[in-house]
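Letter by letter, the chains look like this.
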Amino acid sequence: MRHILHADFDAFYAAVEQLDNPELRGKPLAVGGSPDSRGVVASASYEARKYGVRSAMPMRTAFNICPQLQRVSARFDRYRDVSRSVMEIFRDITPLVEPLSLDEAYLDVTDSVAGGQSAADLAGGLKRRVKQELGLTISVGAGVSKSVAKIASDLEKPDGLTVVPPGEEVAFLAPLPVGTLPGVGPKTQESLKSHGILTIGDLANGDDEWLLDRFGRNGAYIKSLALAKDDRPVQTHRDTKSISSETTLVLDTGDPEALHELVSRLSSDVSRSLERRDLQGRTVKLKLRLSDFTTFTRQVTLPDVIQSSDQIAVAANRLMDAETGPGRSFRLVGVGVSGFGAQNHSLPTLQARLPGI
Ligand code: DCP
Ligand code: MG
Ligand code: MG
């Protein structure tokens, strides 16, 4: 049996801004773009959430529903630094840390629990350390699987701590709205609702055939999550060999302009994934499938690590240009970045800490 913690900062960007600027503390605050330039809320303080201000909301709407709202622009470098610090604290507890984004991670604490520590004490200790060393609050969930730990961490936000004891996960999940499950978005939720499935418990008892028919393989997957069946391991950065994104085209194309556009879009997907994981790579790979299903890859290794969408797109489009030509059309295009190697900061961090352990 595994023991997993999921930790996530409360109102991450907004909390960092309130930490750095005492005048913003205790006030409704939104971090994001200006309403004049059609900006969007990235993060809302809990004071702002009382008025209904939420992430991804247009900033103009946010000001309409909360006129006394304070707004500041995002400072990504600062958030990245805080993220690195918190991941180091996590790695002090276990080397098995899987960052999901700058503000959250899974920790596999199976060994510590086997050694006699309780998941609740580990989670509480983590929260105290983060508060003491960084001045910020995290919410932590503990359970025997990733999805249970993640759902638990969200339940008592902000400053939450929810432990789901082994064996109680099905009962824990049953009363929660089905949309709480990772992988159940608004559309799926709507469709499930029309079939009378409102809670995770309803889904756990759902008709297999209907679910399969309606949602394909994802139907079986979300039902297994509802039954608390989730044996995905915590994967550290060192297990991440590459990040990629690919698309099968509705119509095969050889048009250089359309292919450029597609490669650029895929590059920006990959860039976002890299940013979320704080990774940079040196190798850019292009995956291509021709109309006759022949599949091949082309790759280039650059002198320096890259992460930005533009840098990836330039390299990938150069590879693409070498493959386009009369009579050649493509049915699948993929872009990937690998070669994280020593640039992956988690590795040196871990090694630096080993002698002291
Ligand atoms: N973020 C963003 N745009 C979104 C959602 C999030 O830019 N649509 C950024 C800002 C958030 C950070 O990612 O601060 C972390 O996302 P979370 O979903 O964890 O949200 P918060 O940490 O802000 O709030 P909480 O976790 O307390 O709900
Ligand atoms: Mg958060
Ligand atoms: Mg988060």
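Just so we're clear, the structure is a prediction, and the values are computed from it rather than from any experiment.

K.L.:
Help me get a handle on the coordination of the magnesium ion (ligand 3), residues and values and all.
P.N.:
Taken together, Asp 8 (OD), Asp 103 (OD) and Glu 104 (OE) make up the full set of protein donors to the magnesium ion (ligand 3), lying 2.3 Å away. For the magnesium ion (ligand 3), all donor residues lie on one chain, and their spacing in sequence is D-x94-D-E. The metal-metal distance between the magnesium ion (ligand 3) and the magnesium ion (ligand 2) comes to 3.5 Å, with Asp 8 coordinating both. Linking Asp 8 in strand 1 (residues 4–9) with Asp 103 in the loop between strand 5 (97–101) and strand 6 (104–108), this pair joins segments that are 95 residues apart in sequence.

K.L.:
An account of the coordination of the magnesium ion (ligand 2) is requested, with residue identities and associated values reported.
P.N.:
The protein atoms that coordinate the magnesium ion (ligand 2) are Asp 8 (OD), Phe 9 (O) and Asp 103 (OD), at distances spanning 2.0 to 2.3 Å. Each of the six donor atoms bound to the magnesium ion (ligand 2) contributes to angles spanning 73 to 178 degrees, and the resulting shape is octahedral. One chain supplies every donor to the magnesium ion (ligand 2), and in sequence these donors are spaced D-F-x93-D.

K.L.:
Can you lay out the packing of aromatic side chains for me, pointing to particular residues and giving the numbers?
P.N.:
The geometry of an aromatic ring pair comes down to the distance between the two centres and the angle between the two planes. In this structure the tally under the stated criterion is seven aromatic pairs. Between Phe 12 and Tyr 79, the aromatic rings sit 5.9 Å apart at their centres with planes inclined by 55 degrees, giving tilted as the arrangement. Of this pair, Phe 12 sits in helix 1 (residues 12–20) while Tyr 79 sits in helix 4 (residues 76–93), placing them 67 residues apart in sequence. The exposure class of Phe 12 is buried, given its relative accessible area of 6%. Judged by relative accessible area, which is 0%, Tyr 79 ranks as buried. Ring centres of Tyr 13 and Phe 76 lie 6.0 Å apart, and the angle between their planes is 80 degrees; on these two criteria the pair is classed as edge-to-face. Taken together, the residues span a long stretch of sequence, with Tyr 13 in helix 1 and Phe 76 in helix 4 at a distance of 63 residues. For Phe 76, a relative accessible area of 47% gives the class partly exposed.

K.L.:
Lay out empty space enclosed by the protein with the relevant residues and their values.
P.N.:
Within this structure, the stated rule accounts for two cavities of 30 Å³ or more. Space inside the second largest cavity adds up to approximately 50 Å³. Lining the second largest cavity are 11 residues, with Ser 83, Met 87, Pro 99, Arg 277 and Asp 278 positioned closest to its centre. Contributions of two or more residues to the lining of the second largest cavity are made by helix 4, strand 5 and helix 13 (256–277). It is helix 4 that contributes the most residues to the lining of the second largest cavity, three residues altogether. Within the lining of the second largest cavity, the residues separate by chemical class into three nonpolar, four polar and four charged.

K.L.:
Which residues make up the sheet that holds strand 11 (residues 295–306), and what are the values?
P.N.:
Read across the sheet, four strands follow the order 9-12-10-11 without closing on themselves; strand pairing throughout is antiparallel. Edge positions in the sheet fall to strand 9 (242–253) and strand 11, since each of these pairs with one other strand and no more. When strand polarity is set aside, the average angle formed by the axes of neighbouring strands in this sheet is 15 degrees. Judged from the eight bridges that link them, strand 10 (residues 281–290) and strand 12 (residues 330–338) form a sheet pairing that is antiparallel. Bridging from a neighbouring strand, Lys 287 pairs with Gly 334 of strand 12. Each of strand 9, strand 10, strand 11 and strand 12 is contacted by helix 13, which is oriented at about 155 degrees to strand 9, the strand it contacts most.

K.L.:
Can you break down the side chain of Gln 18 residue by residue, with the values?
P.N.:
With respect to the helices and strands, Gln 18 occurs in helix 1. Here Gln 18 is in contact with Leu 24, Arg 25, Gly 26, Lys 27, Leu 29, Ser 45 and Glu 47, once residues within four sequence places are set aside.

K.L.:
If you had to explain the site of ligand 1 to someone new, which residues and values would you point to?
P.N.:
The immediate surroundings of ligand 1 are formed by 14 residues, with Asp 8, Ala 11, Phe 12, Tyr 46 and Arg 49 found nearest. Starting from 540 Å² of accessible surface for ligand 1 in isolation, the protein chains cover 68%. With respect to the pocket detection grid, ligand 1 is positioned in the largest pocket. Within the residue set of the shell around ligand 1, elements represented by two or more residues are strand 1, helix 1, strand 3 (41–44) and helix 2 (46–49). Split into classes, the residues belonging to the shell around ligand 1 amount to seven nonpolar, two polar and five charged.

K.L.:
Any details on the layout of surface pockets? Residues and values, ideally.
P.N.:
By volume, the largest pocket amounts to about 830 Å³. Lining the largest pocket are 30 residues, with Tyr 13, Ala 42, Ser 101, Asp 103 and Glu 104 positioned closest to its centre. Listed by contribution, the elements that provide at least two residues to the lining of the largest pocket are strand 1, helix 1, strand 3, helix 2, helix 4, helix 7 (146–155) and helix 13. Examining the composition of the lining of the largest pocket, we find that four residues originate from one element, helix 7, more than from any other. Of the residues assigned to the lining of the largest pocket, the class counts are 10 nonpolar, seven polar and 13 charged. If you trace the second largest pocket, you find 16 residues lining it, with Ala 15, Gln 18, Glu 47, Leu 136 and Thr 137 closest to the centre. Residue assignment for the lining of the second largest pocket shows that the elements contributing at least two residues are helix 1 and helix 2. A total of four residues in the lining of the second largest pocket trace back to one element, the largest contributor, which is helix 1.

K.L.:
Describe the packing of helix 4 against helix 6 (residues 119–134), and please don't skip the residues or the numbers.
P.N.:
It is the contact of helix 4 with helix 6, at a shortest axis distance of 11 Å, that shows an interaxial angle of 145 degrees. Where helix 4 crosses over helix 6, the two elements pack in a sense that is right-handed. Two secondary-structure elements touch here, helix 4 through Val 82, Ser 85, Val 86, Ile 89, Phe 90, Asp 92 and Ile 93 and helix 6 through Leu 122, Leu 126, Arg 129, Val 130, Glu 133 and Leu 134.

Thresholds applied
- Residues numbered from 1 in each chain as written.
- Chains lettered and ligands numbered in written order.
- Predicted model: local features only at pLDDT ≥ 70, side-chain atom pairs only at ≥ 80, totals over all residues.
- Heavy atoms only, no water.
- Donors = N, O, S within 2.8 Å, 3.2 Å for Na, K, Ca; no water.
- Helix = DSSP H or I, 4+ residues; strand = E, 2+ residues; numbered from the N terminus.
- Tetrahedral: all angles 85-135°; square planar, octahedral: opposite > 155°, others 65-115°.
- Phe/Tyr/Trp six-rings, centres within 6.5 Å; stacked < 30°, edge-to-face > 60°.
- Buried < 20%, exposed > 50% of the residue type's maximum accessible area, 1.4 Å probe, protein only.
- 1 Å grid on protein atoms, 1.4 Å probe; cavity = no way out; pocket = protein on both sides within 12 Å on 5 of 7 lines; lining within 4 Å.
- Points joined across faces, edges and corners; volume = space filled by probe spheres on them.
- Nonpolar A, V, L, I, M, F, W, Y, C, P; charged D, E, K, R; others polar.
- Pairing = 2+ DSSP bridges.
- Axes fitted to C-alpha atoms, helices over the stretch in contact; angles between N-to-C directions.
- Contact = heavy atoms within 4.5 Å.
- Near = heavy atom within 4 Å.
- Areas by Shrake-Rupley, 256 points an atom, 1.4 Å probe, with all protein chains shown as cover.
- Sits in = over half its atoms within 2 Å of the grid points.
- Left-handed = near helix turned anticlockwise from the far one by under 90°.

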